[in-house]
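# Tertiary structure, described
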Amino acid sequence: MCGIVGYIGTNREAYPILIKGLQRLEYRGYDSAGVALLNKKGLNIYKAKGKVADLQDYCQDKDTSGTVGIAHTRWATHGEPSATNAHPHYSESKNLAIIHNGIIENFAEIKRNLEGKGIEFRSDTDTEVLVQLVEYIQERKRLDLLTAVQVALHQVIGAYAIALLDKNNPDTIIAARKQSPLVVGIGDGEFFLGSDASPIIEYTDKMVYLEDGNIAVMKLGEELKVVNILNEELSPAIHTVDLNLGQIEKGGYPHFMLKEIFEQPECLTNCMRGRINVEHNHVTLSALIDHRSKLIDAKRIIIVACGTSWHAALIGKQIIENLCRIPVNVEYASEFRYRNPVVRSCDVVIAISQSGETADTLAAVELAKEKGAFIYGICNAIGSSIPRATDTGTYIHVGPEIGVASTKAFTGQVTVLTMFALTLAEAKGTVANKDYVKIVEQLATIPDKIREVLKTNDTVRDLARTFTYAHNFIYLGRGFSYPVALEGALKLKEISYIHAEGYPAAEMKHGPIALIDSDMPVVVIATHNAMYEKVLSNMQEIKARQGRVIALVSKGDTMVSRLADAVIELPETMECLEPLVATVPLQLLAYHIAVCKGKNVDQPRNLAKSVTVE
Ligand code: M6R
């Protein structure tokens, strides 16, 4: 996944806007970055391997003047990370510049054809093929830029969000989208472009979210024009976006991840706002109520998701099955989309995605739609592709998540899934009123309980120092805590590059126990719940083999402390809500270990915030 920024105006310099925009989008990709600027002297492209800061260094002695430009931060798909492969790419004559997010699947074939016609390529990327193709069509057929782009896009198979500059049309930026997000900001006599709203919001809140197949023409002195590949003019909705700058900045924290961990109490309050009525102990998800019959009559629910969202789905499965008595299957979207799954019109498919742009989850949604299922989205990024592809859904409303390791989105997803289960169970009459009321009451107290857990931050930091030596970690939990173990392990792997595995605690003796020795830290979720005694026995098994146990325990527990090497106390809550509090110290543990190891917490190697490619 890459990040795209663009600006065209007359009074402001483009370069500072583009650099600031790239910094806001850097979470999307960070192996190289580049900028193309148009000024009276011509079209200049500057590129650097590494971060946006490296690009800034490189540009220090360059001519960065101009009020029109496009910029890009890359996450490599075709071609190694290097300045040559960084975007923008020139066309052969250097009259055109392009930036691109996505993959051109038939690039090799197009490249062969163009090379056969004598065109020379400078990079190994699929993107360069597109700009060369546009120029070839433009020159060969004597077409204007827009028509040449439309003809070129006709020949392209794949996913893209692109923006193009043309030295000979210095008053215009052309952008197009297919399966990769792109937002146009409308200012006063100026236009902004971004992969999402974050690089734009500082300048305007009027935005157009381009749809698949849309081509936007941003021409100075004219209104925004949006057409399709057949040149039919479209009338896209202009949204007023409610996002403030504070939400996308670090606010005094050293890393976005830490800020986002600490934001969770407030985020979950926002997530529940208007949905939970504490006075009457009642929950309503309006999207569910509006489509009540579809959901009540569902014979099965299938949840599709990836990564952390998939872990949230495993928790959702348990709570929906418990309360609503409907079978729930949880699927990796990437597997589901390719295995001809049985999906019927009486099924409801829930797609969970923080970004709302994950390519596999989006494809799973499209497949389920084709098969006639009703689709419910649980997403964070407002106006992103998945919410727009679903029949209805609920936003988690936790605000922009910038750290690549997902934290607040996970607790937001679990909160929405809990409210979903409660609303549906009430509608179906499958939950006893006293149980319903108790869960609602307890759910409303979760933000305060997370506040309490966050007070363990210093203890967790000290613990992290002790365990930084480890090359492997095991995480164990049962029932609702099993997905928490998976999530804890994923967080650690992602940002500290320590190998970590999550298991259902009882599975340990079927294999992983062979790994236990005095070097192996084992994180055990051992709170007071139905499985408490069983987990204690699992812990005995670890200690008997000299493993080092870090236990998450219910406040006041004394049994576990006798066995464990370290304990972190959690406030008591109902078992089904425990993941919401138990995940937080595991996020902190991963964070502090990664910091102790000197890793780049917000931008871990090889990862991108949202995976918009297969
Ligand atoms: O945006 P999504 O929720 O669809 O993203 C899914 C995964 O790519 C994501 O959760 C990933 O695993 C995170 N890096 C986890 O921290």
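Note that the structure is a prediction, hence the values are computed from the model and not measured.

Scoring rules and cut-offs
Counting restarts for each chain: residues are numbered from 1 in the order of the written sequence. Totals for whole chains, interfaces and linings use every residue, but because this is a predicted model, local features are given only for residues with pLDDT of at least 70 and side-chain atom pairs only at 80 or more, for both listing and counting. Values shown for side chains rest on all heavy atoms present in the structure; no hydrogens or waters enter the calculation. When DSSP locates at least two bridges between a pair of strands, those strands are taken to pair. Strands are runs of DSSP state E lasting at least two residues, helices are runs of H or I lasting at least four, and both sets are numbered from the N terminus onward. Detection works on a 1 Å grid of protein atoms alone, calling trapped sets that fit a 1.4 Å probe cavities and calling open sets with protein on both sides within 12 Å along at least five of seven lines pockets, with lining residues defined by an atom within 4 Å of a point. Grid points are joined across faces, edges and corners, and a volume is the space filled by probe spheres set on the points. Charged means Asp, Glu, Lys or Arg here, nonpolar means Ala, Val, Leu, Ile, Met, Phe, Trp, Tyr, Cys or Pro, and polar covers whatever is left, Gly included. For each domain, the first and last residues come from an automatic or database assignment. For this purpose, a residue is taken to be near a molecule or strand whenever a single non-hydrogen atom of the residue falls within 4 Å of it. Any N or O atom pair separated by 3.5 Å or less is treated as a polar contact, with the protein-specific requirement of one donor-capable and one acceptor-capable atom, and with residues adjacent in sequence counted only for side-chain atom pairs. Using a 1.4 Å probe, accessible areas were evaluated by the Shrake-Rupley method; residue-level cover was limited to the displayed protein chains. A molecule is counted as occupying a cavity or pocket when more than half of its atoms fall within 2 Å of that pocket's grid points. The convention used is that axes are lines fitted to C-alpha atoms, helices contributing only their stretch in contact, and that angles between N-to-C directions extend from 0 to 180 degrees. In this scheme, roughly parallel covers angles under 35 degrees and roughly antiparallel covers those over 145, while 65 to 115 is roughly perpendicular and the rest are oblique. Crossings are assigned a handedness: left-handed for a near helix turned anticlockwise from the far helix by less than a right angle, right-handed for a clockwise turn. Two residues qualify as a contact provided that any one of their heavy atoms is within 4.5 Å of a heavy atom in the partner residue. Throughout this description, buried means an accessible area under 20% of the type-specific maximum (1.4 Å probe, protein chains only), exposed means over 50%, and partly exposed covers the range between. Any carboxyl oxygen of Asp or Glu that lies within 4 Å of a side-chain nitrogen of Lys or Arg is treated as forming a salt bridge with it. UniProt positions are given in the numbering used here, feature names are shortened, and annotations may be inferred rather than shown by experiment. Planes of paired rings set the category: under 30 degrees apart is stacked, over 60 is edge-to-face and the rest tilted, where pairs are Phe, Tyr or Trp rings (Trp by its six-membered ring) whose centres lie within 6.5 Å. Two conditions define a charge sitting above a ring: the NZ of Lys or the CZ of Arg must be within 6 Å of the ring centre, and it must be within 35 degrees of the ring normal. Definition used in this section: a nonpolar core is a set of buried Ala, Val, Leu, Ile, Met, Phe, Trp, Tyr and Cys residues joined via side-chain atoms within 4.5 Å.

## Details of the sheet that holds strand β12 (residues 215-219)
Strand pairing in a sheet relies on backbone hydrogen bonds. The paired strands run either parallel or antiparallel. Taken together, the 7 strands give an open sheet; going across it, the order is β5-β6-β7-β8-β12-β13-β14, and neighbouring strands pair in antiparallel fashion. If you trace the sheet from one side to the other, it starts and ends with β5 (89-90) and β14 (233-234), each paired once.

## Structural notes on the layout of surface pockets
Looking at the largest pocket, its volume works out to about 960 Å³. The wall of the largest pocket is formed by 42 residues, among which L243, N380, I382, G399 and P400 lie closest to the centre. Of all the elements in the fold, those that place two or more residues in the lining of the largest pocket are β15 (239-240) and α7 (264-272). Broken down by element, the lining of the largest pocket gets its largest block of residues, 3 residues, from α7. When the residues that make up the lining of the largest pocket are grouped by side-chain class, the tally is 15 nonpolar, 15 polar and 12 charged. Both domains that furnish three or more residues to the lining of the largest pocket are identified here as domain 1 (3-246) and domain 2 (250-444). Taken together, 38 residues line the second largest pocket, and the ones lying closest to its centre are C306, G307, T308, E494 and V611. At the level of secondary structure, the elements contributing two or more residues to the lining of the second largest pocket comprise α10 (307-324), β20 (347-353), α12 (359-370), α14 (408-428), α18 (481-496) and β24 (499-504). Ranked by residues supplied to the lining of the second largest pocket, first place goes to α18 with 6 residues. Residue composition of the lining of the second largest pocket, grouped by class: 17 nonpolar, 14 polar and 7 charged. Lining the lining of the second largest pocket are residues from two domains, each supplying at least three of them: domain 2 (250-444) and domain 3 (456-614).

## With respect to the site of the ligand
What surrounds the ligand is a group of 13 residues, the closest being S309, S353, S355, T358 and E494. At 3.0 Å from an oxygen atom of the ligand is found a main-chain nitrogen or oxygen belonging to T308. At a separation of 3.0 Å, an oxygen atom of the ligand approaches a polar side-chain atom of K491. Relative to its unbound accessible surface of 410 Å², the ligand loses 92% to contact with the protein. At a threshold of 2 Å from the grid points, most atoms of the ligand map onto the second largest pocket. Counting only elements with at least two residues in the shell around the ligand, the list comes to α10 and α18. Here the shell around the ligand gets 3 residues from one element, more than from any other, and that element is α10. A per-class count over the shell around the ligand returns 3 nonpolar, 8 polar and 2 charged.

## Some points on the packing of helix α4 (residues 126-140) against helix α5 (residues 145-155)
To characterise two packed helices, one gives the angle between the axes of the helices and the distance between these axes. The contact between α4 and α5 brings their axes to 8 Å, and the two run at 125 degrees. By the criterion of interaxial angle, the relationship of α4 to α5 is oblique. Crossing angle aside, the handedness with which α4 passes α5 is right-handed. Taken together, the residues of α5 that come into contact with α4 (itself represented by L130, L133, V134, I137 and Q138) are L145, A148, V149, V151, A152, L153 and Q155.

## Remarks on the pairing of strand β4 (residues 68-74)
In terms of burial, β4 is a largely internal element, 7 of the 7 residues being buried. Two strands pair when backbone bridges link them, and strand β2 (residues 32-39) and β4 are joined in this way by 7 bridges, in the antiparallel orientation. Looking at the pairing, V35 lines up with A71 of β4.

## Quick notes on the pattern of salt bridges
Where charged atoms from two side chains of opposite charge come close, those side chains can pair. A complete count under the given rule lists 24 salt bridges for this structure. For D212, the salt bridge is made with R177, and the minimal N-O distance between the two is 2.8 Å. Here R177 lies in strand β8 (residues 172-178) and D212 lies in the loop between β11 (206-209) and β12, a separation of 35 residues in the sequence. Given the relative accessible area of 41%, D212 is considered partly exposed. The partner of D205 in a salt bridge is K206, and the shortest N-O contact between them spans 3.1 Å.

## Quick word on the UniProt feature "domain: SIS" (unreviewed entry) in the protein chain
Residues annotated in UniProt with the feature "domain: SIS" (unreviewed entry) correspond here to residues 291-430 and 463-604. Counted over residues 291-430, helix gives 46% and strand 20%. Its end C-alpha atoms are 18 Å apart. Secondary structure content for residues 463-604 is 40% helix and 21% strand, while the C-alpha to C-alpha distance between its ends is 22 Å.

## Description of the packing of aromatic side chains
What the rule picks out here adds up to 8 aromatic pairs. Their ring planes at 45 degrees and their centres at 5.1 Å tell us that Y7 and F192 sit as a pair that is tilted. One end of the pair, Y7, is in strand β1 (residues 3-8); the other, F192, is in strand β10 (residues 191-194), and 185 residues separate them in sequence. Accessibility assignment for this pair places Y7 and F192 in one class, buried. Ring centres 6.3 Å apart and planes at 65 degrees place the aromatic pair F467 and F473 in the edge-to-face group. Accessibility expressed as a relative area gives 2% for F467, which makes it buried. Judged by its relative accessible area of 1%, F473 falls in the buried class. Put simply, the rings of F467, Y469, F473 and Y475 pair up and form one aromatic cluster. Note that K62 overlies the ring of Y58, its terminal NZ or CZ placed 4.2 Å from the centroid. Between R605 and the ring centre of Y497, over which it is positioned, the NZ or CZ distance is 3.9 Å.

## Regarding the nonpolar core
I301, I350, Y376, F420, F473 and Y475 are the most contacted members of the largest nonpolar core, which has 96 residues in total. A domain-level breakdown of this core finds at least three residues from each of domain 2 (250-444) and domain 3 (456-614). Among residues more than four places away in sequence, those in contact with I301 are I320, I326, P327, V328, N329, V348, I350, F420 and L424. Counting 32 residues, the second largest nonpolar core, distinct from the first, contains Y15, F192, V241 and L243.

## Remarks on the environment of G383
As for its position among the elements, G383 is in the loop between β21 (374-379) and α13 (385-389). For the pair G383 and V208, spaced 175 residues apart in sequence, the C-alpha to C-alpha distance is 9.8 Å.

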